[in-house]
Amino acid sequence: FLQENGELLLCRIDAAGHARLVSVNDILNVSGNPNATLIRAGGDLTLIGGTGARLATVDAPLSYEIGGRLLSALAGKDVVLRVANGDLVFSRISASDNVVLTVANGDLLTELDGLNLLGQNIPLNVSGNIGFAGAGGSLDPNKYLQVQLPATSAMNVTAGGTTALSGDAELI
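All values derive from a computational prediction rather than experimental measurement.

## Quick word on the overall build of the protein chain
Per the secondary structure count, the protein chain includes 0 helices and 21 strands. Based on the C-alpha atoms only, the size of the protein chain along its principal axes is roughly 40 × 35 × 25 Å. Within the protein chain, buried positions represent 46% of all 172 residues. Long-range pairs, those at least 24 residues apart, make up 44% of the contacts in the protein chain with a sequence separation of at least 6. With an accessible surface of roughly 7,600 Å², the protein chain has 47% of that area assigned to carbon and sulfur atoms. Each charge sign in the protein chain was given a centre, from 9 positive and 16 negative side chains, and these centres are 5 Å apart.

## Observations regarding unusual backbone geometry
Residue A56 is not a glycine yet carries a positive backbone phi of 80°. Mapped onto the fold, A56 is located in the loop between β8 (54–55) and β9 (62–66).

## Describing the environment of N116
Turning to its location among the elements, N116 is positioned in strand β15 (residues 115–118). With 21 residues separating them along the chain, N116 and G137 place their C-alpha atoms 17 Å apart. In contact with N116, not counting residues within four places along its chain, are F90, S91, R92, I93, T110, L145 and Q146. Engagement of the side chain of N116 in a polar contact is seen with the side chain of T110, the distance being 2.9 Å. Of note is the side chain of N116, whose polar atom sits 2.8 Å from the backbone oxygen of L112.

## Quick look at the pattern of salt bridges
Taken as a whole, this structure holds 7 salt bridges when the rule is applied. Put simply, E111 and R69 hold a salt bridge, and the shortest N to O gap is 3.5 Å. Highlighted residues: E111 in the loop between β14 (108–110) and β15 and R69 in the loop between β9 and β10 (70–75), separated in sequence by 42 residues. The exposure class assigned to E111 is partly exposed, which follows from its relative accessible area of 24%. Taking the relative accessible area as the measure of exposure, R69 reaches 31% and is therefore partly exposed.

## Some thoughts on the environment of Q120
You can see Q120 is positioned in the loop between β15 and β16 (122–126). Among the residues examined, Q120 registers a relative accessible area of 25% and is labelled partly exposed. Taking the C-alpha atoms as reference points, Q120 and S94, separated by 26 residues in sequence, lie 9.5 Å from one another. Setting aside its immediate chain neighbours within four residues, Q120 contacts A95, S96, D97, L149, P150, T152 and S153.

## Quick look at the side chain of S153
Here S153 is to be found in the loop between β18 (145–148) and β19 (154–159). By relative accessible area, which is 4% here, S153 ends up buried. Looking at S153, its side chain comes within polar contact range of the main-chain oxygen of Q120, at 2.5 Å.

The rules behind the values
Residues numbered from 1 in each chain as written. Predicted model: local features only at pLDDT ≥ 70, side-chain atom pairs only at ≥ 80, totals over all residues. Heavy atoms only, no water. Helix = DSSP H or I, 4+ residues; strand = E, 2+ residues; numbered from the N terminus. Buried < 20%, exposed > 50% of the residue type's maximum accessible area, 1.4 Å probe, protein only. Contact = heavy atoms within 4.5 Å. Areas by Shrake-Rupley, 256 points an atom, 1.4 Å probe, with all protein chains shown as cover. Lys, Arg positive; Asp, Glu negative; His and termini not counted. Charge placed at Lys NZ, Arg CZ, Asp CG, Glu CD. Polar contact = N/O pair within 3.5 Å; in protein donor to acceptor, adjacent residues only side chain to side chain. Salt bridge = Lys/Arg side-chain N within 4 Å of Asp/Glu carboxyl O.

Structure, rendered in structure tokens:
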């Protein structure tokens, strides 16, 4: 568990088990390499930024590799995540502005029923499938990833496999 009452500036974090990063302000990649894997954990990951905070920027995302799931990524402004290897399996991702998710070699899957991806603008770039994690962690063809966007927003989705989304969103 790591908590910062200001900005949490990351170059690299290695954890044998679960990792929970909490900041009153931003959690930022300051490694100088936008493709660097900043967070490695053997278990689950939780990322929480405060009101008006950013979890990274488009030019310097938070890139991670974990042995478990992303339990939550919450920020008052932006969430920008990149998974270089493996699936991004999550419970809830929410930001008042942008939610930018990149999965370079895997699937983007939620594990919980109900609304679990919220943002103003949500670009998704996924090499595999997008949807709901079924038994064994593979795509469940009978359930969907539920998304919420304001009426004036749109999603930009690129996927190399099946896309199973539900919600009030205009896909572009």
